[in-house]
Amino acid sequence: MTNLDAYRIAKEPFYRSVGGEVRLFEAAYRSRMPVMLKGPTGCGKTRFVEHMAWRLGRPLITVSCHEDMTASDLVGRYLLDAEGTVWHDGPLTLAVRQGAICYLDEIVEARQDTTVVIHSLTDDRRILPLEKKNEVVKAHPDFQVVISYNPGYQSVLKDLKESTKQRFAAIPFDYPEAAGEAEIVMREAGSDKRTAETLVRIGARSRNLKGRGLDEGASTRMLVNAALLVAAGVPIMEACQVALVIPITDDDDLRDALTGAIAACV
């Protein structure tokens, strides 16, 4: 048996609730319902699931999904070692066997033929067939699968199958309201209130450019990064360039527009 202590969260992760998401997640967990956290990048979905795993006292196994990920990367594979060819459980199988929360982060980045392996775990069967091992693993009573999904990434080539979406209860996420976001920036970056409120105003202006050249505005995570740079002595205009403007777009006109918006807020 693999020890899951490494996957337990010992210290409460800071998370500022913005609605009924904690209550909804707890209700879903009581019936081990699969949950989709749906919202833009950097708005707090991953921090939320870490907080909930700590709150529920369950180990959390996180998988960052990507387009090269195969079903074997999730469920496991035979590998050659000193004892010969031995089966090694993947992260999903480990969570299924031992009762962890398995968090598939940005699942839309994974290929659809990979994500279908979770289907049999998201209905009343709660089983994981391991075809290469000729084994069917029945999920531990405490097992739950959670996915994050950013609708902004939707396209013909990158979207979840309807047959996958409809297996999950969805909890919507968005950026916090201004006072709450400033509190998060202060807490995460050790920022003073004035700097945090300035950065939040900058974030709001950048989000107004969504759909006008930007796929998304500056995330809360980006604001925290900018605040950390300011706390390290970097002037706020330069911090915003490094943490917000340059990462978010390669378009010179948009960079100029964002720089102007930042200057107006500082």
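Relevant structure appears above.
Since this is a predicted model, take the numbers as computed values, not measurements.

### Some remarks on the overall build of the chain
For the chain, the count of helices and strands is 11 helices and nine strands. In terms of overall dimensions, the chain has C-alpha extents of about 65 × 40 × 35 Å along its principal axes. A buried classification covers 47% of the 266 residues belonging to the chain. Restricting the contact set of the chain to residue pairs at least 6 apart, pairs at least 24 apart contribute 71%. With an accessible surface of roughly 13,400 Å², the chain has 50% of that area assigned to carbon and sulfur atoms.

### Here we look at the packing of helix 1 (residues 21-30) against helix 2 (residues 45-56)
Relative to each other, helix 1 and helix 2 sit at 55 degrees, their axes nearing to 11 Å. The orientation of helix 1 with respect to helix 2, classified from their angle, is oblique. As for the relative orientation of helix 1 and helix 2, their crossing is right-handed in sense. Here Glu21, Val22, Phe25, Glu26 and Tyr29 of helix 1 come into contact with helix 2, specifically with Phe48, Met52, Arg55 and Leu56. For the contact of helix 1 with helix 2, a count of residues per class yields six nonpolar, no polar and three charged.

### Here we look at the pairing of strand 6 (residues 127-130)
Only one face of strand 6 is covered, namely the face carrying Leu128 and Leu130; the face carrying Ile127 and Pro129 is uncovered. Looking at chain direction, strand 6 and strand 7 (residues 135-138) are connected through four bridges and run antiparallel. Bridge pairing in strand 7 links leucine 128 to valine 137. Between strand 6 and the antiparallel strand that follows it, strand 7, lie four residues; asparagine 134 among them carries a positive phi value of about 55 degrees.

### Examining the pattern of salt bridges
Taken as a whole and judged by the stated rule, the model has 19 salt bridges. For the salt bridge of arginine 111 with aspartate 113, the shortest nitrogen-to-oxygen distance reads 3.1 Å. We classify aspartate 113 as partly exposed; its relative accessible area is 49%. Between arginine 207 and glutamate 181 there is a salt bridge, with its nearest N and O atoms 2.8 Å apart. Taken together, the positions of arginine 207 in helix 8 (residues 193-207) and glutamate 181 in helix 7 (residues 178-189) put the pair 26 residues apart, joining distant regions of the chain. Both residues of the pair, arginine 207 and glutamate 181, belong to the buried class. Here the residues in one salt-bridge network are Asp89, Arg97, Lys133 and Glu135, joined through shared partners.

### Describing the nonpolar core
Within the largest apolar cluster, 32 residues are counted, with the highest numbers of intra-cluster contacts made by Leu74, Leu92, Val96, Leu104, Leu128 and Phe143. Elements represented by at least two residues in this core include exactly strand 2 (60-64), helix 3 (71-75), helix 4 (91-98), strand 5 (101-105), strand 6 and strand 8 (144-149). It is helix 4 that provides the largest number of residues to this core, a total of four residues. Ignoring any residue separated from it by four or fewer positions in sequence, one finds leucine 74 in contact with Val63, Met69, Gly90, Pro91, Leu92, Thr93, Leu104, Thr114 and Val117.

### Focus: the packing of aromatic side chains
Enumeration according to the criterion identifies four aromatic pairs in this entry. Ring-pair connections join several aromatic residues into one group, and the members of that group are Tyr15, Phe25, Phe48 and Phe173. We note arginine 32 situated over the ring of tyrosine 29; from NZ or CZ to the ring centre the distance is 4.0 Å. We note arginine 207 situated over the ring of tyrosine 175; from NZ or CZ to the ring centre the distance is 3.8 Å.

### What about unusual backbone geometry?
Of note, arginine 32 is a non-glycine position whose phi angle comes to about 55 degrees, a positive value. Position of arginine 32 among the secondary structure elements: in the loop between helix 1 and strand 1 (35-38). The phi torsion at asparagine 134 lies on the positive side, around 55 degrees, for a residue other than glycine. Along the chain, the position of asparagine 134 falls in the loop between strand 6 and strand 7. Residue asparagine 134 is classed as exposed on the basis of its relative accessible area, which comes to 74%.

What counts, and at which threshold
- Every residue gets a number counted from 1 within its own chain, in the order that chain's sequence is written.
- With the structure being a predicted model, the display of local features is reserved for residues of pLDDT at least 70 and the display and counting of side-chain atom pairs for 80 or more, all residues being used for whole-chain, interface and lining totals.
- To obtain the side-chain values, all non-hydrogen atoms of the structure were included, while hydrogens and water were left out.
- Runs of E in the DSSP output that reach at least two residues are strands. Runs of H or I that reach at least four are helices, and both are numbered from the N terminus.
- Burial status follows relative accessibility: with a 1.4 Å probe on protein chains alone, a residue under 20% of its type maximum counts as buried, one over 50% as exposed, and anything between as partly exposed.
- Here, two residues are considered to be in contact whenever any of their heavy atoms come within 4.5 Å of each other.
- Only the protein chains shown count as cover for residues, with accessible areas throughout obtained via the Shrake-Rupley method and a probe of 1.4 Å.
- Between N-to-C directions, angles span 0 to 180 degrees; the directions come from axes that are lines fitted to C-alpha atoms, helices contributing only their stretch in contact.
- To sort the angles, those under 35 degrees are grouped as roughly parallel, those over 145 as roughly antiparallel, those from 65 to 115 as roughly perpendicular, and the leftovers as oblique.
- Left-handed describes a crossing whose near helix is turned anticlockwise from the far helix by less than a right angle; the clockwise case is right-handed.
- In this classification, Asp, Glu, Lys and Arg are treated as charged, Ala, Val, Leu, Ile, Met, Phe, Trp, Tyr, Cys and Pro as nonpolar, and every other residue, Gly included, as polar.
- For two strands to be treated as a pair, DSSP must find no fewer than two bridges joining them.
- In the sections that follow, a salt bridge refers to a side-chain nitrogen of Lys or Arg positioned within 4 Å of a carboxyl oxygen of Asp or Glu.
- The definition of a nonpolar core used throughout is a set of buried Ala, Val, Leu, Ile, Met, Phe, Trp, Tyr and Cys residues joined through side-chain atoms within 4.5 Å.
- Here is the rule: rings of Phe, Tyr and Trp (six-membered ring for Trp) pair when centre to centre is within 6.5 Å. Planes less than 30 degrees apart are stacked, more than 60 are edge-to-face, and the remainder are tilted.
- Criterion for a charge above a ring: Arg CZ or Lys NZ at most 6 Å from the ring centre, at most 35 degrees from the ring normal.

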